[in-house]
Amino acid sequence: MKLLASLLTAAALAAPVFSAFAAGDAPKAAKPDLVKGEASFTAVCAACHAADGNSAIAANPKLSQQHPEYLVKQLQEFKSGKRNDPVMKGFASTLSDEDMRNIAYWVASKPAKPGFAKDKDLVALGERIYRGGIQDRNIAACAGCHSPNGAGIPAQYPRLSGQHADYTVLQLNKFRDGSRANSTQMTQVAAKLNDKEIKAVADYIAGLR
């Protein structure tokens, strides 16, 4: 009887907690602080990615208008070493999870500047791969995950439209050779692409809008 009474008492005490969760009152992450995000971005990121996230350096990605959850994931994986990049690991290691969220949501709020395809001889091939894949080699269309206009699908699939072709080529090569190992899906796709196809799809992506 004492055991039953104890159980009933515990249940009664827990009931308000369960009711709160059921009512949607579960604890929520703090709202990102965009003022702090801008300050941190300016101090840590702007030198390589430009003041508004629209990097002018082809080897450094444009970050503006990127899905913030995706950016946070990448920063966390740079910090942990899951995504291997010594330079980015150094920067990410100085950031807390809160810093990462503030930075990611701030730069995501900045409009992305459009890019341009440059290789007219390859752009048609790039479009075919991006929109339709290569069926006879079981290569899926990029648009299936990154959307037809390159806007991506939050939060798993990043925005690609307007991204520097040089940066996209570099990342696809890293996925292909295994030096970037934080996306099994992309590793499997890139493994099937040759150099010409990688260059073509990267150039097409640069002109997407």
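Here, the structure is the one placed above.
One structure accompanies this document, and this report is about it. (Residues numbered from 1 in each chain as written. Predicted model: local features only at pLDDT ≥ 70, side-chain atom pairs only at ≥ 80, totals over all residues. Heavy atoms only, no water.)

### Section: the side chain of Ser64
At step 1: Mapped onto the elements of the fold, Ser64 is located in the loop between α3 (46-49) and α4 (68-80).
At step 2: Looking at Ser64, its side chain comes within polar contact range of the side chain of Asn54, at 2.9 Å.
At step 3: When residues no more than four places from it in sequence are discounted, the contact partners of Ser64 are Asp52, Gly53, Asn54, Val107, Lys110, Pro111, Ala112 and Arg159. (Helix = DSSP H or I, 4+ residues; strand = E, 2+ residues; numbered from the N terminus. Polar contact = N/O pair within 3.5 Å; in protein donor to acceptor, adjacent residues only side chain to side chain. Contact = heavy atoms within 4.5 Å.)

### A short note on the side chain of Arg83
At step 1: On the secondary structure map, Arg83 appears in the loop between α4 and α5 (86-92).
At step 2: This buried residue, Arg83, is left without a salt bridge; Asp85 holds the nearest opposite charge, at 6.2 Å.
At step 3: Those residues in contact with Arg83 that lie beyond four places of it in its chain are Gln74, Glu77, Phe78, Tyr167, Gln171, Arg180 and Asn182. (Buried < 20%, exposed > 50% of the residue type's maximum accessible area, 1.4 Å probe, protein only. Lys, Arg positive; Asp, Glu negative; His and termini not counted. Salt bridge = Lys/Arg side-chain N within 4 Å of Asp/Glu carboxyl O.)

### Side note on the nonpolar core
At step 1: If you look at the biggest cluster of nonpolar residues, it comprises 19 residues, and the most contacted ones within it are Tyr130, Val201 and Ile205.
At step 2: Every element with two or more residues in this core is listed here: α7 (123-132), α9 (165-177) and α11 (195-206).
At step 3: When residues of this core are assigned to their parent elements, the largest contribution, 5 residues, is made by α11.
At step 4: Contacts of Val201, omitting those with residues within four sequence positions, involve Gly126, Ile129, Tyr130, Cys142 and Leu172.
At step 5: Within the second largest apolar cluster, 16 residues are counted, among which are Ala46, Leu63, Ala104 and Trp106. (Core = buried A, V, L, I, M, F, W, Y, C linked by side-chain atoms within 4.5 Å.)

### Looking at empty space enclosed by the protein
At step 1: With the rule as written, the count across this model stands at 1 cavity of 30 Å³ or more.
At step 2: The computed volume of the largest cavity comes to approximately 70 Å³.
At step 3: Lining the largest cavity are Lys62, Leu63, Ser64, Gln66, Ala112, Arg159, Leu160, Ser161, Gly162 and Gln163.
At step 4: Considered class by class, the residues forming the lining of the largest cavity number 3 nonpolar, 5 polar and 2 charged. (1 Å grid on protein atoms, 1.4 Å probe; cavity = no way out; pocket = protein on both sides within 12 Å on 5 of 7 lines; lining within 4 Å. Points joined across faces, edges and corners; volume = space filled by probe spheres on them. Nonpolar A, V, L, I, M, F, W, Y, C, P; charged D, E, K, R; others polar.)

### What to know about the environment of Val107
At step 1: Residue placement: Val107 occurs in helix α6 (residues 97-108).
At step 2: Since its relative accessible area comes to 1%, Val107 is described here as buried.
At step 3: Val107 sits 54 residues away from Gly53 along the chain, and the two C-alpha atoms are 6.1 Å apart.
At step 4: Those residues in contact with Val107 that sit more than four places away from it in its chain are Phe41, Asp52, Gly53, Leu63, Ser64, Gln65 and Leu71.

### Description of the layout of surface pockets
At step 1: The computed volume of the second largest pocket comes to approximately 260 Å³.
At step 2: Counting only elements with at least two residues in the lining of the second largest pocket, the list comes to α9 and α11.
At step 3: Residues of the lining of the second largest pocket, tallied by class, amount to 5 nonpolar, 4 polar and 6 charged.

### Thoughts on the packing of α9 against α11
At step 1: For the pair α9 and α11, the least separation of the axes is 8 Å and the interaxial angle reads 140°. Put simply, α9 runs oblique to α11. The handedness of the crossing between α9 and α11 is right-handed. Each of Ala165, Thr168, Val169, Leu172, Asn173 and Arg176 in α9 lies in contact with α11, whose residues at this interface are Asp195, Ile198, Lys199, Val201, Ala202, Asp203, Ile205 and Ala206.
At step 2: Class assignment for the residues of the contact of α9 with α11 results in 8 nonpolar, 2 polar and 4 charged. (Axes fitted to C-alpha atoms, helices over the stretch in contact; angles between N-to-C directions. Parallel < 35°, antiparallel > 145°, perpendicular 65-115°, else oblique. Left-handed = near helix turned anticlockwise from the far one by under 90°.)

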